[in-house]
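Next come the chains, spelled out residue by residue.
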Amino acid sequence: MGDVEEKMETFPDVIELNVGGHFYTTSLTTLTKGESDMLSVMFSGRHKVAKDKDGRYFIDADGALFSHILRYMRNGTLPCPNLCTQIYREAKYFGLEELQSHIEKMPLMMGRQARLQFQSKLTGFDDAIEHVLKAAGDQQCIMSDEVVSFSMISVTRDVQHTSNPCFNKHHKCRIDSVDVSAGDLSYADFKIGPWKSSRPDVSERVYLRALIRELEWRGFTVTFMKQGKCIYTESNPVKLECFCNMYKFIFHWHKCF
């Protein structure tokens, strides 16, 4: 028993902290209020805590955001809603489950969770996001004196049923008109759909708006415009047309400069 006690780390009642280069002063009582969170364990006496060159206890975390963590630990003050996603990550890092629970009930986080659940039920949604970003990274043009990036997308909600071997189900969709100033945009960069069998309540516009919302969440400014219907047809022995509609996703960079 004596050997165990000799190994226990002792801390002063007032603790000087260096959190990612930001300095804080707090009490040992505040840091050890919890039972199993990271800070309570660090300052329980069971572990050696590193110090900086000036003798402050060092914590490798975001120093600017730590003020919100410390304020919550002192008196239960919750972060401002506009910071909830950032503080949520810090709360997970420090193992503050009660703070995580509070933040998960904030409008921004609840809305985000609802969108993620909806997106998970949309066929090919994650792949669509990656294809949109990849195509936009490769293609730029001038639009209204602004440099923009773009993706051309073909979309179909329904399965195209045909037994005609002449109809190529894997054709590359294209539109009839070409915007000469933007280069050759007649062919789709990729195709989304069909998804009607899994989500018959989701229209093309709802799917596309879900893509826009996810891109906006990631910080992009994006709009989309319908370009027309795919003109691919086969007429042997009867005329068959492609169901796909074509859309252009436009990334505006003026807010990024």
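Report follows, based on the coordinates. Throughout this description, residue numbers start from 1 for each chain and increase along the sequence as written. In keeping with the model being predicted, local features are shown solely for residues with a pLDDT of at least 70 and side-chain atom pairs are shown and tallied solely at 80 or more, while totals for entire chains, interfaces and linings include all residues. By convention in this description, side-chain values take in all heavy atoms of the structure and omit both hydrogens and water.

What to know about the overall build of the chain
Per the convention used, a helix needs a DSSP run of H or I reaching at least four residues, while a strand needs a run of E reaching at least two, with both numbered from the N terminus. Looking only at helices and strands, the chain has nine helices and ten strands in total. Atoms counted for the radius of gyration: C-alpha only. Globule rule: 2.2 Å times residue count to the power 0.38. The globule rule puts the C-alpha radius of gyration for 257 residues at 18 Å, and the 28 Å found for the chain is more than 25% above it. Relative accessibility thresholds used throughout: buried, under 20% of the residue-type maximum; exposed, over 50%; partly exposed, between the two (1.4 Å probe, protein chains only). Expressed as a percentage of its 257 residues, the buried residues of the chain come to 40%. The contact rule is simple, with two residues in contact once any of their heavy atoms fall within 4.5 Å. Relative to all contacts within the chain whose residues are 6 or more apart in sequence, the contacts with residues 24 or more apart total 64%. Accessible surface, the chain: about 15,000 Å² in total, of which carbon and sulfur atoms supply 52%. Measuring between centres, the 32 positive side-chain charges of the chain sit 7 Å from its 33 negative side-chain charges. Every accessible area reported is derived by Shrake-Rupley at a probe size of 1.4 Å, with residue values counting cover from the shown protein chains alone. None of His or the chain ends enter the tally, which takes Lys and Arg as positive and Asp and Glu as negative. Note on charges: their place is set at NZ of Lys, CZ of Arg, CG of Asp or CD of Glu.

Here's the deal with the state of the cysteines
Here, a disulfide means two cysteine sulfur atoms that sit within 2.5 Å of each other. Taken as a whole, this structure holds zero disulfides when the rule is applied. Among the cysteines around Cys244, which has no disulfide bond, Cys242 carries the closest sulfur, lying 3.6 Å off.

Some thoughts on the sheet that holds strand 1 (residues 14–19)
The pairing criterion for strands is at least two bridges between them, as found by DSSP. Spatially, the three strands line up as an open sheet ordered 2-1-3, and their pairing is mixed. Looking at the sheet topology across the chains shown, the edges are occupied by strand 2 (22–27) and strand 3 (57–59). The average undirected angle you get between the axes of adjacent strands in this sheet is 35°. Two strands pair when backbone bridges link them, and strand 1 and strand 2 are joined in this way by six bridges, in the antiparallel orientation. For Val19, the partnering residue across the bridge sits in strand 2 and is His22. To define axes, lines are fitted to C-alpha atoms, for helices over the stretch in contact only, and angles between the resulting N-to-C directions are given on a 0 to 180 degree scale. Where helix 4 (residues 66–75) meets the sheet, its contacts fall on strand 1 and strand 2, and the angle it forms with strand 2 comes to roughly 5°.

Examining the pattern of salt bridges
Between Lys or Arg on one side and Asp or Glu on the other, a salt bridge is scored when a side-chain nitrogen of the former is within 4 Å of a carboxyl oxygen of the latter. By the definition in use, this model includes twelve salt bridges. The partner of Asp54 in a salt bridge is Arg56, and the shortest N-O contact between them spans 3.3 Å. Its relative accessible area of 52% is what places Asp54 among the exposed residues. Of the charged contacts, one joins Arg199 and Asp201 as a salt bridge, the two residues approaching to 2.8 Å between their closest N and O atoms.

With respect to helix 4
Within helix 4, the full set of buried residues consists of Phe66, His68, Ile69, Leu70, Tyr72 and Met73. Note on helix 4: the residue one or two positions beyond its end, Gly76, has a positive phi of about 80°.

Here we look at helix 7 (residues 107–120)
In this analysis, the expected span of each helix is defined as 1.5 Å times one less than the number of residues it contains. For helix 7, which comprises 14 residues, the first-to-last C-alpha distance of 20 Å matches the rise-based estimate of 20 Å (1.5 Å per residue) to within 8%. Listing the buried residues of helix 7 in full gives Met109, Arg112 and Gln119. All buried residues of helix 7 project into a common sector of 90° when viewed along the axis, lining one side. Contacts made by the buried residues of helix 7 are with helix 5 (84–93), helix 6 (97–104), helix 8 (125–138) and helix 9 (204–217). Throughout, the arc means that of the directions going from the helix axis to the C-beta atoms.

Section: the side chain of His68
Relative to the elements of secondary structure, His68 occurs in helix 4. Sequence-distant contacts of His68, that is, excluding residues within four places in its chain, are made with Leu83 and Ile87.

Here we look at the environment of Leu211
Along the chain, Leu211 turns up in helix 9. Relative accessible area serves as the criterion here: at 0%, Leu211 is assigned to the buried category. Considered as a pair, Leu211 and Ser27 are 184 residues apart in the sequence and their alpha carbons are 47 Å apart. In this structure Leu211 touches Phe125, Ala128, Ile129, Ile192 and Phe249, once residues within four positions along its chain are discounted.

Describing the nonpolar core
Buried Ala, Val, Leu, Ile, Met, Phe, Trp, Tyr and Cys residues form a nonpolar core when they are joined through side-chain atoms within 4.5 Å. Core analysis: the largest hydrophobic core is formed by 31 residues, its most contacted members being Leu17, Leu39, Phe43, Ile59 and Phe66. When residues of this core are traced back to their parent elements, those giving at least two are strand 1, helix 2 (28–31), helix 3 (38–42), strand 3, helix 4, helix 5 and helix 6. In terms of residue count, the dominant contributor to this core is helix 4 (five residues). Leave out the neighbours within four places in its chain, and Leu17 touches His22, Phe23, Tyr24, Thr26, Leu31, Phe43, Arg56, Tyr57, Ile59 and Phe66. Residues Leu122, Phe125, Val132 and Ile192 belong to the second largest nonpolar core, which totals 23 residues.

In short, shape yes, function no, at least from these values alone.
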